[in-house]
Amino acid sequence: MSAKIQTFRLDEAIGRKVTSTRGHGVDGAKSPGLKVVQYPIDVGIAEINLRFGYDQIGDGFYTPRHHHNFDQFRYVVSGAMNLGKNFDLPEGELVYVPEGTYYGPLNQKGPVSLLVIQFPGPNAAYRISDAEKQVAMDALRAAGGYFEDGIYKIKQPDGHSINKDSYEAVWEQHNGRPITYASPRYETPIIIRPQGFRWMPDPARPGVEIKNLGAFTEYGTSVALWRLAPGAVIPSEVLEAPQLRCVLRGSTTYAGKEIGEKGCYYIPEGLRTNPIESRQGAEFLVYTLPMYVRATWEAAWEQSKTRHQAVAA
Amino acid sequence: MKIAHADEISILNDNTSVRTGKVDKQFLLKGEPGSPGNFKFGLFGQHDGFYSPRHRHNFCQFRVQLTGICDYGANGKMTPGTVAFIAEGSYYGPQGPDVGDSYTATLQFGGPSGQGYVTMEQKAAAKAELDKIGVFEKGVFRRNADVPGKRNMDGFEALWEQANSRELVYPEAAYAMPVLVHPQNFQWKPAPAAAGVEQKILGTFMDCRVPCAIYRLGPGATFPAKARGIYLVLSGDGELQGEAYRKYSALYLDSNETAQFKAQQVSEILLLGMPNVSDIQAQASDARVLEHS
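Only a predicted model underlies this, so the values are computations on that prediction, with no experimental measurement involved. (Residues numbered from 1 in each chain as written. Chains lettered and ligands numbered in written order. Predicted model: local features only at pLDDT ≥ 70, side-chain atom pairs only at ≥ 80, totals over all residues.)

Trainee: When you look at the overall build of chain A in this model, what are you seeing that I'm missing?
Mentor: Within chain A, the regular secondary structure consists of three helices and 25 strands. For chain A, whose C-alpha radius of gyration is 20 Å, the value lies close to the compact-globule estimate of 20 Å for 313 residues. Overall size of chain A, expressed as C-alpha extent along the three principal axes, is 70 × 45 × 35 Å. Summarising the internal contacts of chain A: among those between residues at least 6 apart in sequence, 70% fall at separations of at least 24. (Helix = DSSP H or I, 4+ residues; strand = E, 2+ residues; numbered from the N terminus. Rg over C-alpha atoms; globule rule 2.2 N^0.38 Å. Contact = placed C-beta atoms within 7 Å.)

Trainee: In this structure, what is going on with the overall build of chain B? I would like to understand it.
Mentor: Helix and strand counts for chain B stand at three helices and 23 strands. Here the C-alpha radius of gyration of chain B, 19 Å, is about what a compact globule of 293 residues would show, namely 19 Å. For chain B, the C-alpha atoms occupy an extent of roughly 65 × 50 × 35 Å along the three principal directions. A buried classification covers 46% of the 293 residues belonging to chain B. Taking the contacts inside chain B whose residues are at least 6 apart along the sequence as the reference set, 68% of them involve residues at least 24 apart. (Buried ≥ 20, exposed ≤ 12 C-beta atoms within 10 Å, placed from the backbone.)

Trainee: Help me understand the interface of chain A and chain B, please; the structure alone is not making it clear to me.
Mentor: Taken together, the contact pairs 27 residues of chain A with 32 residues of chain B. Those elements that provide at least two residues to the side of chain A that touches chain B are strand E15 (190-192), strand E16 (200-201) and strand E17 (208-216) of chain A. Of the residues forming the side of chain A that touches chain B, the biggest block, six residues, is contributed by E17(A). The class makeup of the residues in the side of chain A that touches chain B is 13 nonpolar, seven polar and seven charged. With two bridges connecting them, E17(A) and strand E15 (residues 197-205) of chain B associate as antiparallel partners. Considered in E15(B), the bridge of A:Ala215 is made with B:Thr204. (Nonpolar A, V, L, I, M, F, W, Y, C, P; charged D, E, K, R; others polar. Pairing = 2+ DSSP bridges.)

Trainee: What should I look at first to understand the nonpolar core in this one?
Mentor: Soluble, globular proteins show a tendency: their nonpolar side chains are buried together. Of all hydrophobic cores here, the largest spans 141 residues; its most connected members are A:Val95, B:Tyr175, B:Val179, B:Tyr231, B:Leu232 and B:Ile269. No other element matches strand E16 (residues 210-217) of chain B, which puts six residues into this core. The contacts of B:Tyr175, once residues within four sequence positions are left out, are A:Ile190, A:Ile191, A:Ile192, A:Arg193, B:Ala87 and B:Ser90. One finds A:Ala136, A:Ala169, A:Val170 and A:Trp171 within the second-largest nonpolar core, a separate group that totals nine residues. (Core = buried A, V, L, I, M, F, W, Y, C linked by C-beta atoms within 7 Å.)

Trainee: Can you help me understand the sheet that holds strand E4 (residues 39-46) of chain B in this one?
Mentor: Adjacent strands of a sheet pair through backbone hydrogen bonds, lying either parallel or antiparallel. Residue and element names in this part refer to chain B. Strand order in the open sheet made by the seven strands is E2-E3-E4-E9-E5-E8-E13, with antiparallel pairing throughout. Of all the strands in the sheet, just strand E2 (12-13) and strand E13 (179-181) have a single pairing partner and so form its edges. Pairing geometry for E4 and strand E9 (residues 102-109), over eight bridges, is antiparallel. The partner of Gly45 across the bridge, within E9, is Tyr103.

Trainee: What should I look at first to understand helix H2 (residues 166-175) of chain A in this one?
Mentor: Residue pairs three or four apart in sequence face the same way in an α-helix, which turns once every 3.6 residues. Residue and element names in this part refer to chain A. All of the buried residues in H2 are Ser166, Tyr167, Ala169, Val170, Trp171 and Gln173. The elements touched by buried residues of H2 are helix H1 (130-142), strand E12 (146-148), strand E13 (151-155) and strand E14 (161-165). One or two steps after H2, the chain reaches Gly176, where phi turns positive at roughly 70 degrees.

Trainee: Is there a simple way to explain the environment of A:Ile210 in this structure?
Mentor: All names here are of chain A. Looking at the element boundaries, Ile210 is found in strand E17. Exposure remark for Ile210: the 20 C-beta atoms within 10 Å place this residue in the buried category. In the structure, Ile210 is positioned 38 residues away from Leu248 in sequence and 14 Å away in space, judged by C-alpha atoms. In contact with Ile210, other than residues within four places in its own chain, are Met200, Asp202, Ala224 and Trp226.

Trainee: When you look at the pairing of strand E18 (residues 221-228) of chain A in this model, what are you seeing that I'm missing?
Mentor: Here is the key point about a regular strand: its side chains alternate between the two faces of the sheet. All names here are of chain A. Of all eight residues that make up E18, eight are buried, and the element is covered over most of its length. Burial of E18 is two-sided: the residues Thr221, Val223, Leu225 and Arg227 facing one way and the residues Ser222, Ala224, Trp226 and Leu228 facing the other way are all buried. Between E17 and E18, which pair antiparallel one after the other, the connecting turn spans four residues, and Thr217 there sits at a positive phi close to 65 degrees. Where E18 and strand E25 (residues 282-288) come together, seven bridges link them in antiparallel fashion. Bridge pairing in E25 places Ser222 opposite Thr288.

Trainee: Explain the sheet that holds strand E22 (residues 257-259) of chain A here, please?
Mentor: Residue and element names in this part refer to chain A. With respect to topology, four strands assemble into an open sheet ordered E19-E24-E21-E22, the strand pairing being antiparallel. Each edge of the sheet is formed by a strand with only one pairing partner; in this case those strands are strand E19 (233-234) and E22. Note that strand E21 (residues 252-254) and strand E24 (residues 276-277) share two bridges and pair antiparallel. From the neighbouring strand, Tyr254 faces E24, where its bridge partner is Ile276.

Trainee: Would you mind going over the environment of A:His68 with me for this structure?
Mentor: All names here are of chain A. As for its position among the elements, His68 is in the loop between strand E5 (62-63) and strand E6 (71-79). A C-alpha to C-alpha distance of 9.8 Å links His68 and Ala125, two positions 57 residues apart in sequence. Setting aside residues no more than four positions away along its own chain, His68 makes contact with Glu99 and Tyr167.

Trainee: What exactly am I supposed to notice about the pairing of strand E10 (residues 134-137) of chain B here?
Mentor: When E10(B) meets strand E11 (residues 140-143) of chain B, the two strands line up antiparallel, connected through four bridges. Of the residues in E11(B), the one forming a bridge with B:Val135 is B:Arg142.

Trainee: Where do I start with unusual backbone geometry in this structure?
Mentor: Glycine aside, residues mostly have negative phi, and peptide bonds are mostly found in the trans state. A cis amide bond links A:Gly104 with the next residue in sequence, A:Pro105, at an omega value of 5 degrees. Within the secondary structure layout, A:Pro105 lies in the loop between strand E9 (94-97) and strand E10 (106-107). Note the cis peptide between B:Gly93 and B:Pro94, where omega equals 5 degrees. Within the secondary structure, B:Pro94 is located in the loop between strand E8 (83-86) and E9. A positive phi angle is found at A:Lys262, which is not glycine, with a value near 65 degrees. Within the fold, A:Lys262 resides in the loop between E22 and strand E23 (264-267). For B:Asn256, which is not glycine, the phi torsion reads 65 degrees and is therefore positive. Note that B:Asn256 resides in the loop between strand E21 (249-253) and strand E22 (259-263).

Trainee: Looking at this model, I keep getting lost on the packing of helix H1 (residues 120-130) of chain B against helix H2 (residues 155-164) of chain B. Mind explaining?
Mentor: In helix packing, the relevant descriptors are the interaxial angle and the interaxial distance, both defined with respect to the helix axes. All names here are of chain B. Contact geometry for H1 and H2: axes closest at 8 Å, N-to-C directions at 100 degrees. The orientation of H1 with respect to H2, classified from their angle, is roughly perpendicular. Along its contact with H1, which presents Gln122, Lys123, Ala126, Lys127, Glu129 and Leu130, the element H2 presents Ala158, Leu159, Gln162 and Ala163. Of the residues that constitute the contact of H1 with H2, the class distribution is five nonpolar, two polar and three charged. (Axes fitted to C-alpha atoms, helices over the stretch in contact; angles between N-to-C directions. Parallel < 35°, antiparallel > 145°, perpendicular 65-115°, else oblique.)

Trainee: What's the story with the packing of H1(A) against H2(A) in this structure? I'm lost.
Mentor: Residue and element names in this part refer to chain A. Contact pair H1 / H2: the axes reach a minimum separation of 9 Å and the direction vectors enclose 95 degrees. Put simply, H1 runs roughly perpendicular to H2. Between H1 and H2, the contacting residues are Glu132, Lys133, Ala136, Met137, Ala139 and Leu140 on the first element and Ala169, Val170, Gln173 and His174 on the second. Within the contact of H1 with H2, the residues separate by chemical class into six nonpolar, two polar and two charged.

Listed below in structure tokens is the structure:
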């Protein structure tokens, strides 16, 4: 399977069918108002389940302090996202949460909308799909347990109770083995404030300015903002590493298709793109994923399998 | 290009510190005073009871924990091996009071805002003046009641304003808090175009892409250094531009310079990058408000 260049408008994103295991109350019943749509990106590698979506989160949504076995970035489109006690990210800021690094608890105050990307990180742990998640959740409920306040709770036949982070429980149910986490590369989530960066002209692309916001991990996963002046064109090019580009403001045109606000591009390495044009100007949020170059990923995946076998032994 | 070896440099007790607790310092490398790319690099000891209030600076820093522990409160603890990047304008701490002795390698340098870095000599002169009109207590400068001006100021801020005769206006922080990196949790990867050399890229920060990485050289391997910054030998020995390098030898490389480390024994070399001065001075299209004129 090989990936293609993919473009999506917001109206081509798909509503998530699986319910969240987070939120206050049983099945998050006391935290209504979570609406997620996801862009059906296919990175062309079976083991990589990259999730990029537009999340609208209502007041009162709750997630306990936890960590993941994947990487993620969250960009605040509107509102303010709670990231811990007395700590909110305002509109226009973003946070990188590396695999293994703890964050939260999150107590959302007021509505917030986010662009969220989640993807296997340097340890190449498998990230389960929504369909797999649903099957695992059904099995966990059938076993007599339930999800409450972001925790899976079940009473054992011997009378003692098990409380486990909900994502952890679902992952273990699907994979049939205990989850393992990367030892954190970074102590805390990295909160990026784009207003503290300068727009720098892109010497290779007239009319394009860039804010390099940072690159992280041994693979150099990076995030940037690009600003296209009205009439600017990103010429046809071949990328060395996959990129996900999301339009934050303005509008662009690709091969005759208009990609406006919250529309996105997924561009694998090695394929020649068409020019990207912007008559009115645009601003992109750009993630570069060198780890997903096929040969790089295959080596990382093999290492990951070796680690799992070592743990199992 | 400059090279220094810690075992050839004496340890000084610092009398210009505005924080609480004993500090000793080995100054290894310094930049060009007055330049936006000015910097200071050294090995610093902080001893039992060191305390620094929550504060920020108008320059960037890398801190590398060599021994002991530094506690930055909500920002986390620096344990041996931890590398911290603190962007100009980012608040951090409070630090301590630390227990026991702590040694760090610290690089302080002018960041993208172009505000540069005040020299030790400037700070010493400023502190001598401020000592006449107030006292430094727990990292805070408290001005005497009969002297006009702010009663209480962060100690560094007071020194900077005294040295520059103007108000310090901090740059917008690029990152909300220090980035604490744990290199032991990164995987070694082959370094491109350098046989026998592996690397851990720890991060690239700020709009001018300041790099931080560790390189591991096998015996006989050669590592071509080429990015602007400080290269600190963490372990091993070999040859650097005709000199013998060993633990805590340090190289400063300017933009467009290159140098070669040739390892005799397995060596680990830490790169603490700094922005190219041309990038600091680049005409950004909406440059942030930097300083009062």
